[in-house]
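In case you want the letters, here they are:
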Amino acid sequence: MSFVPINDQPSVRIGKSYVMKQHELIYPENLKFKIKHYIFDIYVNLEEKEIEGNAKIFLNSQGEMYLDALHFFINEIKLDNKPISWDYDGKKIKMNINGEHELSVSYKVKGSDNFRFLKINDHYEAANIGEVMSAPAWIPVVDYPGMKSTSEMIIRVKKPYIAVSNGYLKEKKEEKDFNIFHWVMDIPHSAYLNSLAVGQFFTKEEKWNDVILQYYLPKGYDQFIKNFSSTKDIMEFFSNYTGVKYPYPKYAQVVLFAMRGGMEYISSTHLTWMTLHDDIAEMDYSSDSLLSHEMAHQWFGDYVTTKDWPNIWLNEGFATYFQALYFEHSKGEDEFIYEMYRKLQDYLNEYKKYSRPIVIRYYKWAEELFDKHTYPKGALVLHTLRNYLGDDKFREGIKRYLEEHPYSPVDTEDFRKSMEKATGEDLTRFFDQFIYSAGHPVINVYYDKKRIRLEQAQDAPIYNINLEIKVVSGNNTKIINVDLGKSLEIEAEGEYVCVDPKFKTLKVVNDMQDEEKLIKESRDPEIMCRINAINSLTRFSDSKSISTLKELLTDSFWGVKYEAAIALGKIGNDEALEALVSSNVEPSKARRGVAKALGEFKFKKKAADYLVSIIENEKSYYVKADALSSLGKIGLPEYKEEIKKKLDEILNQFGIVFSAIKNNSPLALYHYGCHDLKEIIDILKRIIEDIEDKLSKDWKHSPNLSKDSYLKIILSLGFYAGIAEVLESNKIQKYGEE
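Description of the structure in this document. (Residues numbered from 1 in each chain as written. Predicted model: local features only at pLDDT ≥ 70, side-chain atom pairs only at ≥ 80, totals over all residues. Heavy atoms only, no water.)

Before going further, it helps to spend a moment on the pattern of salt bridges. This structure, assessed with the given rule, holds 47 salt bridges. Taking the shortest distance from any N to any O, the salt bridge between Glu206 and Lys232 comes out at 3.7 Å. Placement of the pair is Glu206 in strand β15 (residues 201-208) and Lys232 in helix α2 (residues 231-242), with a sequence separation of 26 residues. Lys232 gets classed as partly exposed once you look at its relative accessible area, which sits at 34%. Here Arg416 and Glu420 are joined by a salt bridge, their closest N and O atoms 2.9 Å apart. Here Arg416 pairs with Glu420, and both are found in helix α8 (residues 412-423), just four residues apart, close to one helical turn. When its relative accessible area of 17% is taken as the criterion, Glu420 is described as buried. Through salt bridges with shared partners, a single ionic network connects Asp448, Arg451, Arg453, Glu455, Glu489 and Glu491. (Salt bridge = Lys/Arg side-chain N within 4 Å of Asp/Glu carboxyl O. Helix = DSSP H or I, 4+ residues; strand = E, 2+ residues; numbered from the N terminus. Buried < 20%, exposed > 50% of the residue type's maximum accessible area, 1.4 Å probe, protein only.)

Here you go:
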């Protein structure tokens with residue numbers, strides 16, 4: 001039997017519980033052709049929910065080539081205006097072409113999940129909304145991210161509709177009953193970054209330097225333009241931080257009812273209508289997170305684009321981290337640190353289910369790679385790299401990476417080499433540990449007032465990481481920098497220690513100090529020290545720990561209050577319950593922790609009554625939503641009707657509000673043990689009916705749909721939070737019907 005070193009064990013190189021028998025090992029395509037330019041002449045038939053298109057494709061080929069086109073009705077295909085032999089299987093058009101030519105494709109295609117037609121009251125909306133294999137749902141393209149081309153869109157729509165696409169508007173004209181828009185994107189880009197949105201919009205235009213900023217909101221929702229007030233500041237910050245000015249002549253943000261989340265089409269981002277919100281929702285939610293993430297993609301995803309889907313973290317991990325960097329700029333250090341801590345928790349929740357390297361080539365559908373290992377873990381790795389190199393060197397490396405690969409496909413090695421050239425550091429080991437291996441450091445911390453002992457406790461591999469250790473004795477503080485291998489002991493006298501007080505490194509800390517030291521650490525000026533102490537105080541359930549956690553419900557930072565509330569919920573005894581219900585916790589973002597924590601007190605009437613009072617009196621939509629879910633978790637039968645009644649009271653809410661509470665109505669009922677989902681389906685039916693009434697008289701549903709179908713309908717509309725848990729709990733198959 002051969003010896004396999006621990007750092008090359010399968011659990012490190014491919015992860016745990018990730019690879020499935022359906023997965024394939026997928027490498028970059030070695031294409032023998034190049035698409036130089038596309039011209040799409042499109043009629044968007046809103047009434048018939050179809051696109052009629054003529055595509056001209058300028059290419060250079062050395063034999064067999066293909067175009068991705070999903071479920072097209074193809075009228076004809078010509079090469080240099082002459083018929084050509086072609087084969088089509090409903091997904092790919094295959095041809096044999098040699099040399100430089102103009103290929104033309106005449107086709108029709110119906111709306112689909114990736115190009116949606118909606119009827120909203122008295123008008124229509126049509127738009128593409130996806131990423132992987134989204135473009136082939138409406139235009140014939142090579143949908144491989146490593147292929148970059150320029151493009152033009154000539155779009156015909158009935159008056160008074162507007163058509164928005166990429167690049168600059170070369171011409172707008174009228175022909176009888178039609179508006180015609182000619183958009184040109186003369187910068188090479190991947191096919192999936194092409195976009196089209198048709199609707200009746202409220203529009204606004206302004207400038208940042210010489211860049212035109214365009215806003216398209218649904219007709220009648222112009223009052224929500226205030227949700228986009230940070231746009232200029234975000235663009236200026238990213239331009240300054242990267243050293244590369246926003247690279248396109250315009251940036252449009254288009255709000256659509258069909259969208260889930262956001263999609264960074266080049267120079268024209270599509271955003272979900274659920275980001276529109278009022279001043280009450282602003283207490284807990286800001287559009288800045290979505291706006292900054294999607295705008296960051298204009299550099300990381302559009303200007304430089306992943307060569308293939310296994311390297312998608314170069315798009316999504318970067319956008320996730322740059323969103324956090326914008327928070328550091330706009331909200332300050334504590335908000336930034338807590339944002340990164342929450343990203344860690346987000347990743348760890350997925351890590352409990354499976355682990356994989358950030359870059360891995362095993363998958364069946366590329367969408368599988370758009371997970372928490374790509375987004376928050378990718379961001380945490382960049383954060384660790386930034387602190388390893390220092391902010392100045394990190395920024396030099398980012399600038400060089402962008403300047404060396406403008407408008408080009410890239411892979412992780414391109415990024416590593418650019419960072420090494422800019423900083424003079426060899427980053428082979430760093431990338432091998434954090435990007436090409438699964439897992440993360442887990443550090444156990446022990447301290448007896450004289451000696452600090454650190455141990456890496458994860459299965460594998462052993463990381464080489466630099467850490468700051470804060471040693472506190474009275475008013476005296478000392479920072480010790482250590483290079484940690486498997487374990488380390490340090491002589492240091494003090495009252496308590498705090499590992500990585502500024503949260504500079506991706507890792508989990510198990511703070512094993514005794515209760516007295518943890519209580520002192522809970523009063524440290526650094527929020528991460530306080531949060532580390534909070535997490536470890538849940539090992540105790542005595543009055544001293546509970547009293548300390550109750551004190552932290554009045555902390556100066558809302559995130560510490562939130563974590564203290566959650567910790568009291570984990571302790572779960574009567575004294576912890578009393579601490580929660582007797583505290584006046586502000587602001588509402590922290591109060592959400594109280595509402596969530598009360599759900600841990602199973603069958604406790606006192607907790608249920610307090611939650612009912614929150615539902616009745618609370619101003620915050622999000623706190624109400626969390627209270628609704630927690631009331632269901634408590635499980636007292638007499639409160640089930642309270643949950644059903646609340647649905648009637650929120651049917652007039654809108655956007656984020658609409659989403660937040662409706663997520664939790666079915667979830668709350670699920671907590672009663674309704675695993676057959678009968679009552680949940682009743683709730684979902686009413687939600688669907690309400691969505692029909694609000695947004696689209698044209699959406700229909702069958703009363704005979706299965707429970708899974710109802711759940712998938714809601715998921716498809718973007719109601720992720722509560723329904724995802726129900727989906728998972730009911731084990732809907734990962735590889736079921738497409």
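Read on, since the account is not over.
This part is about the sheet that holds β15. The five strands are arranged β15-β16-β17-β19-β18 in an open sheet whose pairing can be described as mixed. Of all strands in the sheet, those bounded by a partner on one side alone are β15 and β18 (262-263). In this sheet, strand β16 (residues 211-218) lies alongside β15 in antiparallel orientation, the contact comprising eight bridges. Residue pairing across strands places Lys207 opposite Ile212, the latter belonging to β16. Packing of α2 onto the sheet brings it into contact with β15, β16 and β17 (250-256), and relative to β15 it is tilted by some 40°. Of the strands in this sheet, β17, β18 and β19 (268-272) touch helix α3 (residues 288-296), which is tilted by about 150° from β19. (Pairing = 2+ DSSP bridges. Contact = heavy atoms within 4.5 Å. Axes fitted to C-alpha atoms, helices over the stretch in contact; angles between N-to-C directions.)

For the peptide bond that leads from Lys159 to Pro160, omega is 5°, which places it in the cis range. Within the secondary structure layout, Pro160 lies in the loop between β10 (148-158) and β11 (162-164). In the segment running from Glu586 into Pro587, the intervening peptide bond is cis, with an omega of -5°. Relative to the elements of secondary structure, Pro587 occurs in the loop between α14 (574-581) and α15 (588-597). With a phi angle near 55°, Lys49 is a residue other than glycine that sits in the positive phi range. With a relative accessible area of 29%, Lys49 lands in the partly exposed category. A positive phi angle, near 55°, is found at Lys176, a position not held by glycine.

A few words now on the sheet that holds strand β25 (residues 465-473). Strand order in the open sheet formed by three strands is β26-β25-β28, and the pairing between neighbours is antiparallel. With one partner strand each, in any of the chains shown, β26 (476-484) and β28 (496-499) form the two edges of the open sheet. Going across the sheet, the axis of each strand differs from the next one's by a mean of 25°, ignoring polarity. Where β25 meets β28, four bridges bridge the pair, whose relative direction is antiparallel. Its bridge partner being in β28, Ile469 is matched across the sheet by Val499.

Here we take up the state of the cysteines. Counting across every chain of the model gives one disulfide. Between the sulfur atoms of Cys498 and its disulfide mate Cys529 the distance is 2.1 Å. Its S-S torsion of approximately -95° makes the covalent link between Cys498 and Cys529 left-handed. Residue Cys498 is located in strand β28, and its partner Cys529 is located in helix α11 (residues 527-537); the two are separated by 31 residues in the primary sequence. On the accessibility criterion, Cys498 (0% relative accessible area) is buried. In this structure Cys529 comes out as buried when scored by relative accessible area, which is 0%. (Disulfide = S-S within 2.5 Å.)

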